[in-house]
Amino acid sequence: DVQMTQSLSYLAASPGESVSISCKASKSISNYLAWYQQKPGEAYKLLIYSGSTLQSGTPSRFSGSGSGTDFTLTIRSLEPEDFGLYYCQQYYEKPLTFGSGTKLEIK
Amino acid sequence: EVQLVESGGGLVQPGRSLKLSCVASGFTFSNYGMNWIRQAPGKGLEWVAYISSGSSYIYYAETVKGRFTISRDNAKNTLYLQMTSLRSEDTALYYCARRGTTVGGFDYWGQGVMVTVSS
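Each chain has its residues counted from 1, following the order in which its sequence is written. Written order determines the labels here, with chains lettered from A and ligands numbered from 1. Only residues with pLDDT of at least 70 get local features here, since the model is predicted, and only at 80 or more are side-chain atom pairs given and counted; chain-wide, interface and lining totals rely on the full set of residues. By convention in this description, side-chain values take in all heavy atoms of the structure and omit both hydrogens and water.

Caption draft 1: View of the overall build of chain B. Only DSSP runs of H or I with at least four residues qualify as helices, and only runs of E with at least two residues qualify as strands; both kinds are numbered from the N terminus onward. Within chain B one finds zero helices and eleven strands. When the elements of chain B are put in sequence order from the N terminus, they spell out β-β-β-β-β-β-β-β-β-β-β. Once the C-alpha set of chain B is aligned to its principal axes, its extents read approximately 40 × 25 × 25 Å. Categorising residues by exposure relies on relative accessible area from a 1.4 Å probe, with only protein chains included: less than 20% of the type maximum marks a residue as buried, more than 50% marks it as exposed, and the intermediate range marks it as partly exposed. A buried classification covers 48% of the 119 residues belonging to chain B. Residue-level accessible areas treat just the shown protein chains as cover; the underlying method is Shrake-Rupley with a 1.4 Å probe. If you sum the accessible surface of chain B, you get close to 5,400 Å²; carbon and sulfur atoms cover 45% of it. Neither His nor the chain termini are counted; the positive set is Lys and Arg, and the negative set is Asp and Glu. Just so you know, the charge point we use is NZ for Lys, CZ for Arg, CG for Asp and CD for Glu. Put simply, chain B has 11 plus and 8 minus side-chain charges, and the middle of one group is 5 Å from the middle of the other.

Caption draft 2: Examining the sheet that holds strand E7 (residues 62-67) of chain A more closely. Residues and elements named next belong to chain A. Strand pairing follows a simple DSSP-based rule, namely that at least 2 bridges must link the two strands. Read from one edge of the open sheet, four strands run E1-E3-E8-E7, paired in antiparallel fashion. Edge positions in the sheet fall to strand E1 (4-5) and E7, since each of these pairs with one other strand and no more. The pairing of E7 with strand E8 (residues 70-75) spans six bridges and is antiparallel. From the neighbouring strand, Phe62 faces E8, where its bridge partner is Ile75.

Caption draft 3: Looking closely at the state of the cysteines. Residue and element names in this part refer to chain A. Sulfur atoms of two cysteines make up a disulfide when they are within 2.5 Å. If you walk through the whole model with that rule in mind, you get two disulfides over all chains. In this model, Cys23 is linked to Cys88 through a disulfide, with the two sulfur atoms separated by 2.0 Å. Note on the Cys23 and Cys88 pair: the S-S dihedral is about 75°, so by sign convention the disulfide is right-handed. Of this pair, Cys23 sits in strand E3 (residues 19-25) while Cys88 sits in strand E9 (residues 84-90), and the two are 65 residues apart along the sequence.

Caption draft 4: Representation of the side chain of Gln90 of chain A. Residue and element names in this part refer to chain A. Relative to the assigned elements, Gln90 resides in strand E9. Counting of polar contacts relies on pairs of N or O atoms within 3.5 Å, with two restrictions inside protein: one atom must be capable of donating a hydrogen and the other of accepting it, and residues adjacent in sequence are counted only when both atoms are side-chain atoms. A distance of 3.0 Å separates a polar atom in the side chain of Gln90 from the backbone oxygen of Pro95. Among the polar contacts made by the side chain of Gln90, one reaches the side chain of Thr97 at a distance of 2.9 Å. Note on contacts: a residue pair qualifies if any of its non-hydrogen atoms lie within 4.5 Å across the two residues. Once residues within four sequence positions are removed from consideration, Gln90 is found in contact with Val2, Met4, Ile29, Tyr32, Pro95, Leu96 and Thr97.

Caption draft 5: Layout of the pattern of salt bridges. One side-chain nitrogen of Lys or Arg within 4 Å of one carboxyl oxygen of Asp or Glu is enough to make a salt bridge. One pass over the structure, following the stated rule, counts ten salt bridges over all chains. The closest approach of N and O atoms between Arg61 of chain A and Asp82 of chain A, which form a salt bridge, is 2.7 Å. Linking Arg61 of chain A in the loop between strand E6 (53-54) and E7 with Asp82 of chain A in the loop between E8 and E9, this pair joins segments that are 21 residues apart in sequence. Each member of the pair, Arg61 of chain A as well as Asp82 of chain A, carries the same accessibility label: buried. Across the salt bridge formed by Glu62 of chain B and Lys65 of chain B, the nearest N and O atoms sit 2.7 Å from each other. The network of salt bridges with shared partners includes Arg38, Glu46, Arg67 and Asp90 of chain B.

Note that every value here comes from positions in space, so none of it alone points to a role or purpose.
See below:
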């Protein structure tokens, strides 16, 4: 199985700051990577797919980069609504696997 | 508006069975592959099963293979997960999620339904 590692389980930042969340795959997954956001009481939301393609409705302050084994989700100029949980997920092969999540909190 | 609404969860004893449902609306259900994904309390996300739009392709996580059965009724816009021989480690919030056709990943998720396996 492809193991997905999000090294930071917790990240605190202030509105207006920029943050990056990393995700590492145990083998090359090309660009078959998605990023999700979850906020309390809300359904999971697909933010980015194919490593860097913004899903419709995702604000342009979000960006994704990387391919192969190393990926990064960057959020520029954090807004209050950006705080929550972020997960990466590979869809290169089954079983589909997720990172352990990074909780982004307000400093 | 795309909506996925899960139901059928609850408290069940180890070794018993339970069937989850996910009713879809706001899109042509029969055109999309669907998934079940779960999240144990305090844990991360685990993909459970996938079924293609016409039910031709079905895949399971090894942890549930042989015990869980995914199915769908396109006439009723409903996805199912039949769970048998339940174990305490199956305790989780179960989500149904749509596989994107032109986008990768799961483009819509339900709110989830809780399954608790305990005596």
